[in-house]
Amino acid sequence: MLNCQFDYQRNDSQNKDFKLSVDLQMQCQILGIVGASGSGKSTILKMLCGLLNPHHGKIQFEQNILFDSTQKINIPTYQRQIALVFQQAMLFPHLNVKQNLRYGEKLKSQQKQTFYFDDVVDLLELGKLIDRKAYQLSGGEAQRISIGRALLSSPKLLLLDEPLTGLDQQLREQVLPYLLRIKNDMQLPMIYVTHHLEELHALEAEILQLKQGCLSLVE
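Residues numbered from 1 in each chain as written. Predicted model: local features only at pLDDT ≥ 70, side-chain atom pairs only at ≥ 80, totals over all residues. Heavy atoms only, no water.

Visitor: Requested: an account of the nonpolar core, with residues and values cited.
Guide: If you look at the biggest cluster of nonpolar residues, it comprises 43 residues, and the most contacted ones within it are Leu101, Leu124, Ile147, Leu151, Leu158 and Ile182. The set of elements that each furnish at least two residues to this core consists of β3 (30–35), β7 (82–85), α2 (97–106), α3 (117–123), α4 (139–151), β8 (157–161), α5 (169–186) and β9 (190–193). In terms of residues, this core owes the most to one element, α5, which gives seven residues. Setting aside anything within four residues of it in sequence, one finds leucine 124 in contact with Arg144, Ile147, Gly148, Leu151, Tyr178 and Ile182. Judged by nonpolar contacts, the second largest core, of 25 residues, contains Leu20, Val22, Leu31 and Leu84. (Core = buried A, V, L, I, M, F, W, Y, C linked by side-chain atoms within 4.5 Å. Buried < 20%, exposed > 50% of the residue type's maximum accessible area, 1.4 Å probe, protein only. Helix = DSSP H or I, 4+ residues; strand = E, 2+ residues; numbered from the N terminus. Contact = heavy atoms within 4.5 Å.)

Visitor: Which residues make up the pairing of β9, and what values do they have?
Guide: Side chains Met190 and Tyr192 project from β9 onto one buried face, and the interleaved Ile191 and Val193 project onto a second face that is buried too. Where β3 meets β9, four bridges bridge the pair, whose relative direction is parallel. Of the residues in β9, the one forming a bridge with isoleucine 30 is methionine 190. The pairing of β8 with β9 spans four bridges and is parallel. Looking at the pairing, leucine 158 lines up with methionine 190 of β9. The parallel pair β8 and β9, bridged by α5, forms a crossover whose chirality is right-handed. (Pairing = 2+ DSSP bridges. Right-handed = clockwise from strand over helix to strand, strands pointing away.)

Visitor: Please give an account of the sheet that holds β7 that cites residues and values.
Guide: A sheet is described by the order of its strands in space; here six strands give the open sequence β7-β8-β9-β3-β10-β11, paired in mixed fashion. Whereas interior strands pair on both sides, the edge strands pair on one side only; in this sheet they are β7 and β11 (214–217). On average, each strand axis in the sheet is inclined to that of its neighbour by 20 degrees, with strand direction left out of account. Contacting β3, β7, β8, β9, β10 (206–211) and β11, helix α1 (residues 41–49) runs over the sheet at an angle of about 150 degrees to β8. Here α5 sits on the sheet and contacts β3, β8 and β9; the angle it forms with β9, its principal contact strand, is near 155 degrees. (Axes fitted to C-alpha atoms, helices over the stretch in contact; angles between N-to-C directions.)

Visitor: Mind laying out the pattern of salt bridges, listing which residues take part and the relevant values?
Guide: With the rule as written, the count across this model stands at six salt bridges. Ionic pairing is found between glutamate 141 and arginine 132, a salt bridge with its closest N-O pair at 3.7 Å. The buried category is assigned to glutamate 141, whose relative accessible area is 19%. For arginine 132, a relative accessible area of 31% corresponds to the partly exposed category. (Salt bridge = Lys/Arg side-chain N within 4 Å of Asp/Glu carboxyl O.)

Visitor: A description of the packing of α2 against α4 should follow, citing residues and the corresponding values.
Guide: Interhelical geometry of α2 versus α4 gives an angle of 35 degrees and a closest axis separation of 6 Å. The interaxial crossing formed by α2 with α4 has right-handed handedness. Between α2 and α4, the residues in contact are Val97, Asn100, Leu101, Tyr103 and Gly104 and Ile145, Gly148 and Arg149, respectively. Residue composition of the contact of α2 with α4, grouped by class: four nonpolar, three polar and one charged. (Left-handed = near helix turned anticlockwise from the far one by under 90°. Nonpolar A, V, L, I, M, F, W, Y, C, P; charged D, E, K, R; others polar.)

Visitor: Requested: an account of the environment of leucine 152, with residues and values cited.
Guide: Mapped onto the elements, leucine 152 comes out in the loop between α4 and β8. For the pair leucine 152 and threonine 77, spaced 75 residues apart in sequence, the C-alpha to C-alpha distance is 16 Å. If we skip the residues at most four places from it in the chain, leucine 152 touches Leu101, Gly104, Glu105, Lys108, Phe115, Tyr116, Phe117 and Val120.

Visitor: Give a detailed account of the packing of aromatic side chains, specifying residues and quantitative values.
Guide: For the structure on display, the rule yields one aromatic pair. Ring geometry for phenylalanine 92 against tyrosine 103: centres 4.8 Å apart, planes inclined by 70 degrees, an arrangement best described as edge-to-face. Note that phenylalanine 92 is positioned in the loop between β7 and α2 and tyrosine 103 in helix α2, a separation of eleven residues in sequence. When its relative accessible area of 28% is taken as the criterion, phenylalanine 92 is described as partly exposed. The class of tyrosine 103 is partly exposed, set by a relative accessible area of 31%. Taking NZ or CZ as reference, arginine 102 lies 3.9 Å from the ring centre of phenylalanine 117, over its face. (Phe/Tyr/Trp six-rings, centres within 6.5 Å; stacked < 30°, edge-to-face > 60°. Lys NZ or Arg CZ within 6 Å of the ring centre and 35° of its normal.)

Next comes the structure, spelled out in structure tokens:
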């Protein structure tokens, strides 16, 4: 799936060049990645969805080559059918919940739509929020809208970059069941980056640890 190298300069006190060498094969529905801050977890997700380009290597999802430095292939982000949910919900403040969700539909490719508005609203229990503006939402509600918007782009792979960071324990426990519903009801492959192992255990994810630029399985 992902076999590449990314070199960059770390923003720490040592200020040394850092090499991220990743060989990632996804064989499960939810793959969790844990690691220290600055270890490169978010970089992996950004390379997968096309926000960053590896310096060397190849990225392939299913049968589609998304990036290949040798063949000079680099599929644009909007054509990759991969959605990324960030730490912050990043909703449009001037739009209500329905409009924010519908924006996800505009991002889907020209291929067949796989997730539908009413189904996503029901799955994430967003019906009572549909007319609210972003500033009227709690952190957990806003993140559910962000996840719903990502689903409505009809991705084939969902990336979650510490989606519960910034939420207190109570809100985390409110959002996690919705992610479990996505796993069980929608069968959508996910890669989930976090500092919290308990989140990955709750989702029954296969867990990899990123350390010194390399991934290893957490038993």
